[in-house]
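Each chain, letter by letter, is given below.
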Amino acid sequence: QDPVLGTKFSLKSGEVVGPWCPSGIGKLLGGLFDPVGVPTFPVKKKGANIEVQVDVNAKANFESQYWSGVLDAQGKADGKYY
């Protein structure tokens with residue numbers, strides 16, 4: 001359950017379970033956005049530990065597209081700005 005907006009999510013699929021943004025502030029903000037799930041990751045128990053498989057390159061992939069977009073907006077990515 002989201003502690004701020006009160007939305008509950010399925011642990012298996014990440015999809016919204018129940019009402020979208022049922023808390024006080026959630027009712028205000030929830031109307032601005034469509035209900036959307038949260039990412040889920042494969043997990044397994046190994047002895048006393050729980051292992052989660054995550055994409056360690058997710059941040060780098062996101063930032064590479066972001067910085068390329070910023071540079072393109074300034075005309076610097078392809079060298080045509082100067």
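Look a little higher up for the structure.
Note that the structure is predicted; figures quoted are calculated from it, not measured.

The rules we used
Residues numbered from 1 in each chain as written. Predicted model: local features only at pLDDT ≥ 70, side-chain atom pairs only at ≥ 80, totals over all residues. Heavy atoms only, no water. Pairing = 2+ DSSP bridges. Helix = DSSP H or I, 4+ residues; strand = E, 2+ residues; numbered from the N terminus. Buried < 20%, exposed > 50% of the residue type's maximum accessible area, 1.4 Å probe, protein only. Contact = heavy atoms within 4.5 Å.

> Can you walk me through the pairing of strand S4 (residues 49-52) in this structure?
The pairing of strand S3 (residues 43-46) with S4 spans 4 bridges and is antiparallel. Across the sheet, residue Lys46 finds its bridge partner in S4, namely Asn49. Hairpin remark: S3 followed by S4, antiparallel, with 2 residues in the connecting loop; positive phi at Gly47, about 70°.

> So what exactly am I meant to see when it comes to the environment of Ile25 here?
Turning to its location among the elements, Ile25 is positioned in helix H1 (residues 24-30). By relative accessible area, Ile25 is classed as partly exposed at 43%. In this structure, the C-alpha to C-alpha distance between Ile25 and Val4, residues 21 residues apart in sequence, is 7.7 Å. Ignoring any residue separated from it by four or fewer positions in sequence, one finds Ile25 in contact with Val4 and Leu5.

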